[in-house]
Amino acid sequence: MMKQLILASASPRRRELLSLFGVPFVVRAADIDEAMDPSKPPYDEVARVSCQKAMAVERDEDDTVIAADTIVVCGGKVLGKPHSREEAVSMLKLLSGREHQVMTGCTVLRGNHRETFTEVTTLVFRPLSDGEINRYVDSGEPMDKAGAYGIQGGAALFCPGIQGDYYNVMGLPVCRLGTVLRQMKALEE
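Residues numbered from 1 in each chain as written. Predicted model: local features only at pLDDT ≥ 70, side-chain atom pairs only at ≥ 80, totals over all residues. Heavy atoms only, no water.

Student: In this structure, what is going on with the environment of Glu34? I would like to understand it.
Tutor: Mapped onto the elements, Glu34 comes out in the loop between strand 2 (26–27) and helix 2 (42–56). Setting aside residues no more than four positions away along its own chain, Glu34 makes contact with Val49, Lys53 and Asp69. (Helix = DSSP H or I, 4+ residues; strand = E, 2+ residues; numbered from the N terminus. Contact = heavy atoms within 4.5 Å.)

Structure, rendered in structure tokens:
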């Protein structure tokens, strides 16, 4: 069994989701440049960033590190966390009435074994009025979330359809992560 499980993220949502596994873990947020290369596919870039996060965390040989990075992609445009109210409004207007993908790159690092994958969930937002968007942005909820929304919060009212891992949209694909952790003997069967 592993020495220590480390979550390389300060995200309260990822902490909450990792706690579903029922095993103790510590948080050591990775401090890296999360900029993505716009000339490369977002699917690959989000995986690369998760890998960089995992590699940046201090660990011992027997420790297991879990790192993740989440983006929203709509019409080929990558949406990270909004930096202003105006940017949050713009993102939600882009998503209004459209299908989009949430991509989470996830890396599990144990010893010199590393597994990196990208989980993709497809969502559809119904058309949103300017009033709905403004009220939601005024709530403050969108400001620390990729794509300017939290599916587990007020944005649940915007989404009539989802295909894939719901928890991936919150920032951690728990089902696939559990499979990888068991394969790497970081979780008991």
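Following the structure, the description resumes.
Student: It is not clear to me how the layout of surface pockets should be interpreted in this structure. Could you clarify?
Tutor: Rolling a probe over the atoms, with the probe sized like a water molecule, indicates the empty space that remains. Looking at the largest pocket, its volume works out to about 660 Å³. Lining the largest pocket are 35 residues, and of these Glu34, Asp69, Thr70, Lys81 and Ala146 sit closest to its centre. Contributing elements (two or more residues each) for the lining of the largest pocket: helix 1 (12–18), strand 3 (64–74), strand 4 (77–79), helix 3 (85–95) and helix 5 (166–170). Broken down by class, the residue content of the lining of the largest pocket amounts to 18 nonpolar, eight polar and nine charged. (1 Å grid on protein atoms, 1.4 Å probe; cavity = no way out; pocket = protein on both sides within 12 Å on 5 of 7 lines; lining within 4 Å. Points joined across faces, edges and corners; volume = space filled by probe spheres on them. Nonpolar A, V, L, I, M, F, W, Y, C, P; charged D, E, K, R; others polar.)

Student: Before we go on, may I ask you to explain helix 3 in this structure?
Tutor: An α-helix turns once per 3.6 residues; consequently, residues spaced three or four apart project the same way. Burial in helix 3 covers these residues: Ala88, Val89, Met91, Leu92 and Leu95. Buried positions in helix 3, seen along its axis, are confined to an arc of 160° and lie on one side of it. Looking at the buried side of helix 3, the elements it contacts are strand 3, strand 4, strand 5 (99–110) and helix 4 (130–138). A positive phi of about 75° marks Gly97, the residue just after helix 3. (Buried < 20%, exposed > 50% of the residue type's maximum accessible area, 1.4 Å probe, protein only. Arc of directions from axis to C-beta.)

Just distances and angles here, no functional claims.
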